[in-house]
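# Architecture at a glance
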Amino acid sequence: MWLSPEEVLVANALWVTERANPFFVLQRRRGHGKGGGLTGLLVGTLDVVLDSSARVAPYRILHQTQDSQVYWTVACGSSRKEITKHWEWLENNLLQTLSIFDSEEDITTFVKGKIHGIIAEENKNLQPQGDEDPGKFKEAELKMRKQFGMPEGEKLVNYYSCSYWKGRVPRQGWLYLTVNHLCFYSFLLGKEVSLVVQWVDITRLEKNATLLFPESIRVDTRDQELFFSMFLNIGETFKLMEQLANLAMRQLLDSEGFLEDKALPRPIRPHRNISALKRDLDARAKNECYRATFRLPRDERLDGHTSCTLWTPFNKLHIPGQMFISNNYICFASKEEDACHLIIPLREVTIVEKADSSSVLPSPLSISTKSKMTFLFANLKDRDFLVQRISDFLQKTPSKQPGSIGSRKASVVDPSTESSPAPQEVSEQPTSPASPLSSRQSFCAQEVPTASQGLLKLFQKNSPMEDLGAKGAKEKMKEESWHIHFFEYGRGVCMYRTAKTRALVLKGIPESLRGELWLLFSGAWNEMVTHPGYYAELVEKSTGKYSLATEEIERDLHRSMPEHPAFQNELGIAALRRVLTAYAFRNPTIGYCQAMNIVTSVLLLYGSEEEAFWLLVALCERMLPDYYNTRVVGALVDQGIFEELTRDFLPQLSEKMQDLGVISSISLSWFLTLFLSVMPFESAVVIVDCFFYEGIKVILQVALAVLDANMEQLLGCSDEGEAMTMLGRYLDNVVNKQSVSPPIPHLHALLTSGDDPPAEVDIFELLKVSYEKFSSLRAEDIEQMRFKQRLKVIQSLEDTAKRSVVRAIPVDIGFSIEELEDLYMVFKAKHLASQYWGCSRTVASRRDPSLPYLEQYRIDASQFRELFASLTPWACGSHTPVLAGRMFRLLDKNKDSLINFKEFVTGMSGMYHGDLTEKLKVLYKLHLPPALSPEEAESALEAARYFTEDSSSEETLPQEEQEGSGSEERGEEKGTSSPDYRHYLRMWAKEKEAQKETIKDLPKMNQEQFIELCKTLYNMFSEDPMEQDLYHAIATVASLLLRIGEVGKKFSARTGRKPRDCATEEDEPPAPESHQDAARELQPPAAGDPQAKAGGDTHLGKAPQESQVVVEAGSGEGQGSPSQLLSDDETKDDMSMSSYSVVSTGSLQCEDLADDTVLVGGEACSPTAHIGGTVDTDWCISFEQILASILTESVLVNFFEKRVDIGLKIKDQKKVERQFSTASDHEQPGVSG
């Protein structure tokens, strides 16, 4: 590539000059190319260790002038071909021009200007791609692609210098982190190390320090452990590796391919040595952290943050912290974790103004909201810019009542105000979402009471608090405490959230405020007011729609808190149905999962339907990520965290729990339902209060406290059942003595009560203990642990999927379990590769985790072609892709242009296993429709008619697979979703029935299909050790079959009707008719003939009872051309053929066959027959006849019956997949003395 000219003082130190002229020098780096000696070896090593770009450019061109000692680099190249191209351009375009100049300075100026011009021109062409990666980085990316054979689509994110420990020896080199791979390259003193690991294969990634390894990063896959150390910045490297591994796991989990985030702000000038992708990933990480901290909607993007102070009126202090600004929110987080958190939605803002600076209050900024609250920020570094950004965002904020608000000293910043769907006066009308939003409900509030209020209000007798005695008084005090808190700290979204807020939540939220505070703390309120009418629309759309999710919802409706009066009648049940169905409709990837019904029923008790819906959205999509998908991955991840925490906090109990196997049983029911299914309702709801404020941390703390409280009894348990019963009884007796609701009998408690009930445990006491003993848990640590566990969980789920798929393969397939597992890994790798680099792939090829395991990974025709070429035992040279295409069409029963693993293995098994008959049957089917496409054989259309007539008896693969795979499409046509489980049961039962296909079921083959079969066989035998014998044998067999076909035709003509099973030809284009008894014979050159690769020539002859072979009209010569390629001896006598014909590899290539190829069988042949002719329409042959003919030739029988080891082919394929090869231009220098 052309380089911007730079001075080079020592031009020859590490370089060898290869070409020179008066103005330019072409040089090669020592240590590259052949030879090089010890110097070359050392230079090669230095390049890798010190300078990452040196190995990219082993060649360069310098500009020189005769008197000057200064050289200028003008171009570099990674290969001799590239540099020669540049050299020739310079010689052709510049040499003559330069000789005209008198001054050397002018020459140099001219050359530099010319080179700059070329670079500018090249960059102009690249500009539309928005490529902003700096030059140094681009070089590294080029090197990575070349070194590891990666395609253009593989983007480098960053690269680092580090050591890879091979045994006890560190190898210094370069670690390249790309979007899909981790690659390492080292070249030290002639020893080369090249590693490529896919992120999706990583099972463990951690940073650790041991005596043996200094601070290092450990990367584990299923079959190796890798250690990397000596990083300049190990923290940054590890963080980036974590992000990339996380993206890969996401891809395995829900097939979200990695997409560059186009909405991220672009820097004015690119950062040095930082790729655009790295910047995007950093921005993603910050966005995720920002959204998680302030519980903001998923589409919120952080614009920037700055340090500042916030005046807190409740304690009269300026609290230091960070201000965060995004498109719709201004947030503040104090440096001290609990001191103060603040969220100000821009829709609430009325005035933003710059106040006067003073020594006490430098650069203050005041923000006022509709709820009459004013927030004072100070110590802002770049206040003017900040105000401008806020102003820009305010202008974009949708406003319904435009109007300007004046501000003192002309510091107007807020050009427009906007009335949000939230109430205008939050102090008078607290954040109670029901009133302003219920009017927008499509189902009328008068008809459906749940549209405007929670079920608890509807079903609780309105007895005044005084009647409840002490409990009522306590509840009133709680309400009073919260009202005082609202007065001091504000009410609604803009409330100051402090340690005091948490203390109040821990004491329990009063019933009347529960719904409101859940909405605020979870962030659901923000989403609800910004999406007015969304829930009502969903209800409307989903009403009356049927799917697998709706069936499951119906089944579980009456199991949702059946002990609560609100769900013992149709009002509560109908509300629950609407909310769950609306959510399943909004998020089909989750749809519905068991346990969602229990959580949603509690949400409905305290809020209207719309509020419950948005709380469910917050829960499923943000607070409990991946919990409620088909494989409950999130719950399994947190279960892993719980096990880890048990080891850390309760080491003496941890081992016992592992032995009993209790953790997996308890954690799923505890975490998925937030304790609602295992504790009395009024106690569990207190935990839900804390969960909405603190997140998953509370659930983990309480779970640890429960184990801690029962440690002695658990250590004495002998089995899982005993431990579970004991824990169950403990949880049943966790009571809430302050609850004002009438006690609801706990179903679980009724089932597990023993003779002596254990002592009651107060829920507030349990919470207090959990905070005292286990409050050291931090949200960041939990996220870190989640990442580690996610790797484990998803990889173990992938292993389970692999085992399930392998088990689903019928026993008679012939491959061993190990071979099937290896084939599955190769198949899956091919599917994932299409997601990495196949941007043009159809959406259908994306993985759908909701499908059965077998259907999740599927490949298309081009991917199948690649796999077929590397795994088939029937290699046919250039004919292989054609055969692969036919095999794909044969296997693709449901015609969706995708095949699953079972279909793939069935195809492979047909070629590898079974006896001669089975293998020939597969080969035979590959030359009939649907495998043979109409373009390949013109008569296929007509043949298909006969093929479909026979389809009732002809079964290549079980018909149910077609039904199963096509079920979704059919379902959508009927306006319903995928079939229910009964359909799968029926399908499974049918699959169990033996469906043996007999050879009589196969339809007959017409002449054109027979031509294609013979072509395949000729190509298949090339490069076989027995090539000559096989050609002789197939010539004999083809001749015999031609004659059989002729006899059959005459027989059918004599009986006066066409054979029923024979495919005829109607669509053949007009061509000279051949004589019925004409025999055309291909007379190929002898085996040793050097011209054997040329197209075979046609040859007419009378062949008394000798062999007849497939014929090809000479591809190069045209019809009736003389037999130019045949030797004199062979052309002497057309009538006396006594030796068998032998066809060489290239003479019968698929694409060389002309349209007028004819096959006619063998009586005596008339020399007057035309060379070109049509296919005989009445000729046909059956599978039995082909089988019988092949059995007469032992060499053919041996060829089809010999066993081939697929294991070796799989190993080779894996090597290809992983691209372990080093670049061909970088030959390893040999040490020459």
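See above for the structure.
Residues numbered from 1 in each chain as written. Predicted model: local features only at pLDDT ≥ 70, side-chain atom pairs only at ≥ 80, totals over all residues. Heavy atoms only, no water.

### Some words on the overall build of the chain
Across its full length, the chain holds 44 helices and 27 strands. Buried positions account for 56% of the 1233 residues belonging to the chain. Surface exposure of the chain reaches about 54,000 Å², of which carbon and sulfur atoms provide 53%. (Helix = DSSP H or I, 4+ residues; strand = E, 2+ residues; numbered from the N terminus. Buried < 20%, exposed > 50% of the residue type's maximum accessible area, 1.4 Å probe, protein only. Areas by Shrake-Rupley, 256 points an atom, 1.4 Å probe, with all protein chains shown as cover.)

### Some remarks on the sheet that holds strand E11 (residues 216-221)
Taking strand neighbours across the sheet as the criterion, the 7 strands line up as E9-E8-E7-E6-E12-E11-E10 in an open arrangement whose pairing is antiparallel. In the strand order of this sheet, the two ends are held by strand E9 (191-198) and strand E10 (202-208), each with one partner. With direction set aside, neighbouring strand axes in the sheet form an average angle of 30 degrees. In this structure, E10 lies alongside E11, joined through 6 bridges in antiparallel fashion. Counterpart to Ile202 in the pairing with E11 is Thr221. Taken strand by strand, helix H5 (residues 135-148) contacts strand E6 (156-166), strand E7 (169-178), strand E8 (181-188) and E9, and its axis lies near 55 degrees from that of E6. (Pairing = 2+ DSSP bridges. Axes fitted to C-alpha atoms, helices over the stretch in contact; angles between N-to-C directions. Contact = heavy atoms within 4.5 Å.)

### A word on the environment of Met887
Structurally, Met887 is set in helix H33 (residues 880-891). By relative accessible area, Met887 is classed as buried at 1%.

### Things to note about the packing of helix H24 (residues 696-709) against helix H28 (residues 763-774)
Between H24 and H28, whose axes approach to 9 Å, the crossing angle comes to 100 degrees. With respect to their mutual orientation, H24 and H28 come out roughly perpendicular. From H24, Val698, Gln701, Val702, Leu704, Ala705, Val706 and Asp708 reach across to H28, where they touch Leu766, Leu767, Ser770, Tyr771, Lys773 and Phe774. Within the contact of H24 with H28, the residues separate by chemical class into 9 nonpolar, 2 polar and 2 charged. (Parallel < 35°, antiparallel > 145°, perpendicular 65-115°, else oblique. Nonpolar A, V, L, I, M, F, W, Y, C, P; charged D, E, K, R; others polar.)

### With respect to the pattern of salt bridges
Overall, the coordinates contain 39 salt bridges when judged by the stated rule. A salt bridge links Lys921 to Glu918; its shortest N-O distance comes to 3.6 Å. Of this pair, Lys921 and Glu918 both sit in helix H35 (residues 916-925), 3 residues apart, which is roughly one turn of the helix. Residues participating in the shared-partner salt-bridge network are Arg204, Glu206, Arg218, Asp220 and Glu225. (Salt bridge = Lys/Arg side-chain N within 4 Å of Asp/Glu carboxyl O.)

### Brief notes about the side chain of Asn21
Along the chain, Asn21 turns up in the loop between strand E2 (15-20) and strand E3 (24-29). The class for Asn21 is buried, based on a relative accessible area of 13%. Not counting chain neighbours up to four residues away, the residues in contact with Asn21 comprise Gln64, Trp87, Glu91 and Leu95.

### A short note on the nonpolar core
Of all hydrophobic cores here, the largest spans 157 residues; its most connected members are Phe377 and Tyr628. Apart from residues no more than four positions distant in its own chain, Phe377 is found in contact with Cys308, Thr309, Leu310, Met323, Phe332, Leu342, Ile344, Ser363, Pro364, Leu365 and Ile367. Counting 113 residues, the second largest nonpolar core, distinct from the first, contains Leu175, Ala248, Val805 and Ile1206. (Core = buried A, V, L, I, M, F, W, Y, C linked by side-chain atoms within 4.5 Å.)

### Overview of the pairing of E2
Bridge analysis of E2 against E3 gives 5 bridges, and the strand direction is antiparallel. Bridge assignment links Val16 to a residue of E3, and that residue is Arg28.

### As for unusual backbone geometry
Across the junction of Pro929 and Pro930, the peptide omega takes the value 5 degrees, indicating a cis bond. Tracing the sequence through the fold places Pro930 in the loop between H35 and helix H36 (940-949). Here Lys316, not a glycine, exhibits a phi torsion of approximately 55 degrees, which is positive. Its place among the elements puts Lys316 in the loop between strand E13 (302-312) and strand E14 (317-326). For Lys316, a relative accessible area of 58% translates into the label exposed. Located in the positive-phi region is Leu674, a residue other than glycine, with phi close to 50 degrees. Look at Leu674 and you get buried, because its relative accessible area is 1%.

### Comments concerning the sheet that holds strand E4 (residues 59-63)
With antiparallel pairing, the 5 strands of this open sheet are ordered in space as E1-E5-E4-E3-E2. A strand with exactly one partner marks an edge of an open sheet, and here the two such strands are strand E1 (2-8) and E2. The mean inter-strand angle of the sheet, taken between neighbouring strand axes irrespective of direction, is 30 degrees. Sheet analysis places E4 next to strand E5 (residues 71-77), joined by 5 bridges and oriented antiparallel. Across the sheet, residue Leu62 finds its bridge partner in E5, namely Thr73. Contacts from helix H2 (residues 80-93) reach E1, E2, E3, E4 and E5, with the element oriented near 130 degrees to E5.

### Considerations on the packing of aromatic side chains
Applying the stated criterion across every chain yields a total of 46 aromatic pairs. Each ring, one from Phe1021 and one from Phe1199, has its centre 5.0 Å from the other, and the planes form 85 degrees; the classification is edge-to-face. With Phe1021 in the loop between helix H39 (1007-1020) and helix H40 (1027-1054) and Phe1199 in helix H43 (residues 1194-1201), the pair connects residues that are 178 residues apart, well separated along the chain. A cation sits over an aromatic face here: Arg60 above Trp15, 4.0 Å from the ring centre. Here the guanidinium or amino end of Arg514 rests over the ring plane of Tyr606, the centre of that ring lying 5.2 Å away. (Phe/Tyr/Trp six-rings, centres within 6.5 Å; stacked < 30°, edge-to-face > 60°. Lys NZ or Arg CZ within 6 Å of the ring centre and 35° of its normal.)

### Focus on helix H22 (residues 662-672)
Buried within H22 we find Val662, Ile663, Ile666, Ser667, Trp670, Phe671 and Leu672. Downstream of H22 by a residue or two, Leu674 has a phi angle that is positive, lying close to 50 degrees.

### Things to note about the packing of helix H20 (residues 633-649) against H22
Across the interface, H20 lies against H22 with an axial gap of 9 Å and an inter-helix angle of 120 degrees. Taken together, the axes of H20 and H22 are oblique relative to one another. The way H20 lies across H22 gives a crossing that is right-handed. Within the contact between the two elements, H20 uses Ala635, Leu636, Asp638, Gln639, Phe642, Glu643 and Thr646 and H22 uses Ile663, Ser664, Ile666, Ser667, Leu668, Phe671 and Leu672. Looking at the contact of H20 with H22 residue by residue, the classes come out as 8 nonpolar, 4 polar and 2 charged. (Left-handed = near helix turned anticlockwise from the far one by under 90°.)

### Notes on H28
Because an α-helix completes one turn every 3.6 residues, residues spaced three or four positions apart along the sequence face the same direction. Helix length check: H28, at 12 residues, gives a terminal C-alpha distance of 16 Å against a target of 16 Å (1.5 Å per residue), a fit within 8%. For H28, the complete set of buried residues consists of Ile763, Phe764, Leu766, Leu767, Ser770, Tyr771 and Phe774. When H28 is viewed along its axis, its buried side chains cluster within an angular range of 160 degrees and face the same direction. Where H28 starts, the residue carrying a side-chain oxygen 3.2 Å from the main-chain nitrogen of Phe764 turns out to be Asp762. (Expected span 1.5 Å × (residues − 1). Arc of directions from axis to C-beta. Polar contact = N/O pair within 3.5 Å; in protein donor to acceptor, adjacent residues only side chain to side chain.)

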